[in-house]
Amino acid sequence: MELNLAPRLNIITGDNGLGKSFLLDVAWFVNTGSWPRDINPTISGGLVARPKPGTEGKITRSYKALEEGEKAVTWVGNFVYDLQKWKFPYIGDVKRFPTIYMMADGSAAIWDPLRNFNDLSLFVSETKDRPWAFVFSQEELWRGKEDANRRKLIQGLVSDWANWQKEKGEKFLLLERLLQALSPDQSKPFKVGNLIRIDVNDMQDMPTLIMDYGVEVAIVHAAAGIRRILSLAYVLVWWWEEHRRAATLYNTDPSEELTFLLDEVECHLHPSWQRKIVPALLEAVKELSKDISVQLIATTHSPLVMASLEPHFDARMDKWFDLDLDRDNGSKPEVKLTDRPFRKYGDAESWLHSRAFDLSSTRSIEGESLLREAKKLMDQTAPSSEEVKLMHQRLVDSLDAMDEFLDYWRLFWRRKEGEE
C-alpha cells in the first residue's frame, strides 16, 4: 500500500479487519520508531507489525520539501528477522513532528522530539536517557503513571485537572477553552463544576462537569463519550504545556506542527456529536497556539462523520482514503487502498450507500429481504392474485404506514386489482 497524506485532514474508511487501525499504527511507527504495545504491554492495541514469513519486511517513508531550503527525504525501515525488530538507517537531522495517537480502547501515545528518544537508527534500549515515547492505558491516563525508577511520568487527568483548577492559571484556562471547543452543542458548552470528594477513604479532589440538567457530576462518573472527549482535551493540554517547558530548557521554539492520529473518531459519541467532532477538533487545536498546524489522520465507521465534513473538506489540504476487499483478484481476495475523490452526498443515508460503506440498503436485514421479494414480484409479468394479496399483507404488517415504498406498492396493487 502507498498512502500519500494530505497536509491537514486525512480520513480513512473501510470495513472491520481491513487495516484502518493498522495504518495508524504504521504512521505512528515511522514518525516515532516504536510500536505502542512494545512500550506499554498493558494496552490492547498498537502491536508491532510483522511481515509474512518468507517475505521482505519493508516500510518506506518520504518527506516532501514544503519550505525553501528543505530537502525531500526518503528512507526505508527493514524488519530484522533474527532480532524480530524493525530498523531504520541513520537519517540525520530530518524534521520530525510531535505525534499524538488516541487509540480506540482509550489509550494514548505521545511522542515529543524534545522529550523522547530521537534516533530511529537504534533499537529500543534500556540505557537511553529519555523515554522512547509516552504510552498510557486509559486508567494510567486518568490516574497517573510512574516509570521503573518511580519517577512520575504523568500525574493523570484527575490530579492535573484538580491542581490546575486550584491554580486557575493558563493550563486550566486552556483546558476550559478546549472543552468548550469540543462541546457537542456550542450554545451549551461544557461547564466545569466545583471540586468534590466522592469517597471518604479517597483524599483525591475530584473535578466535575455541570450537566445540562444543572447537576455537578464527577468526571469519573461521566458517560463514555464525554470521558473520551475529556481525554482528548487533557492530552492536548498536557503535551503542549510539557513541550513548551522543554523548549524553554533547550532554548528553542515550540513546534509549529503536530501529527494527530485518532482511531474511530466517533467512538462512544451520540449521533448529534458525530456530526461535529472532526471540524471541532481541527478548531480546538488552534487553542494551543495560533501558529501551530495539525495533520489529522483519523479512521471512522460513521456516515455522520463523513457528512459533517462536506462544508469543510478542501481537496487542496484534505484526502479521503477507503479500504476495500477486492474479491475479483482470482482465488485470493486482496485488500486495496483507494484515494477517493471526495464528493458531497448531502446526508448520512446517502453516505451509507457510497463507496465508503457500500450498503445496498439502510433497512433491517429482514426489511431489505422483504422489499427484494416484493420488487421481484412486481417485475413478474403475471403474478397470481394470491401472491399479491399475501405480499400486500406482509408489507402492511412490516412497514410503517408512511413508508414511501408502500406508495409504490399500492399503485401496483390497485393496478393489479383493476386488471382483475
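Our subject in this report is the structure included herewith. (Residues numbered from 1 in each chain as written. Predicted model: local features only at pLDDT ≥ 70, side-chain atom pairs only at ≥ 80, totals over all residues. Heavy atoms only, no water.)

Things to note about the overall build of the chain
Alright, step 1. Secondary structure summary: the chain contains 13 helices and 16 strands in total.
Alright, step 2. Considering only C-alpha atoms, the chain reaches an extent of 90 × 60 × 45 Å along its principal axes.
Alright, step 3. The burial tally for the chain puts 49% of its 420 residues in the buried class.
Alright, step 4. Pairs at least 24 apart in sequence give 61% of the contacts found in the chain among residues at least 6 apart.
Alright, step 5. Total accessible area on the chain stands at roughly 22700 Å², and carbon and sulfur atoms take up 49% of it.
Alright, step 6. In the chain, the 55 positive side-chain charges and the 66 negative ones have mean positions that sit 2 Å from each other. (Helix = DSSP H or I, 4+ residues; strand = E, 2+ residues; numbered from the N terminus. Buried < 20%, exposed > 50% of the residue type's maximum accessible area, 1.4 Å probe, protein only. Contact = heavy atoms within 4.5 Å. Areas by Shrake-Rupley, 256 points an atom, 1.4 Å probe, with all protein chains shown as cover. Lys, Arg positive; Asp, Glu negative; His and termini not counted. Charge placed at Lys NZ, Arg CZ, Asp CG, Glu CD.)

A closer look at the sheet that holds strand β6 (residues 108-111)
Backbone hydrogen bonds hold the strands of a sheet together, and the pairing may be parallel or antiparallel.
Alright, step 1. The eight strands are arranged β7-β6-β5-β13-β14-β1-β15-β16 in an open sheet whose pairing can be described as mixed. Lying at the two open borders of the sheet, with one neighbouring strand each, are β7 (134-136) and β16 (334-340). Averaged over all neighbouring strand pairs, the angle between strand axes comes to 10°, with direction disregarded.
Alright, step 2. By the bridge criterion, four bridges tie strand β5 (residues 99-102) to β6 in an arrangement that is antiparallel. Residue pairing for β6: I100 is matched across the bridge by I110.
Alright, step 3. In this fold helix α1 (residues 20-32) packs onto β1 (9-14), β5, β6, β13 (257-262), β14 (293-299), β15 (318-326) and β16, with an angle of close to 155° to the strand it touches most, β5.
Alright, step 4. With respect to the sheet, helix α8 (residues 277-284) is in contact with β1, β13 and β14, its orientation differing from that of β14 by roughly 155°. (Pairing = 2+ DSSP bridges. Axes fitted to C-alpha atoms, helices over the stretch in contact; angles between N-to-C directions.)

Remarks on the packing of aromatic side chains
Alright, step 1. If you walk through the whole model with that rule in mind, you get 19 aromatic pairs.
Alright, step 2. Aromatic side chains F190 and W273 sit 5.9 Å apart centroid to centroid with 55° between the ring planes, which places their arrangement in the tilted category. Highlighted residues: F190 in the loop between α5 (170-181) and β10 (191-192) and W273 in helix α7 (residues 271-274), separated in sequence by 83 residues. The two residues F190 and W273 agree in class, both being buried. (Phe/Tyr/Trp six-rings, centres within 6.5 Å; stacked < 30°, edge-to-face > 60°.)

Concerning the sheet that holds strand β2 (residues 58-63)
Alright, step 1. Spatial ordering of the open sheet is given by β2-β3-β4, a layout of three strands whose pairing is antiparallel. Lying at the two open borders of the sheet, with one neighbouring strand each, are β2 and β4 (85-87). Strand-to-strand twist across the sheet, computed as the mean angle between neighbouring axes with direction ignored, equals 20°.
Alright, step 2. On top of the sheet, α1 reaches β2, β3 (73-80) and β4; it is set at about 70° to β2, its chief contact.

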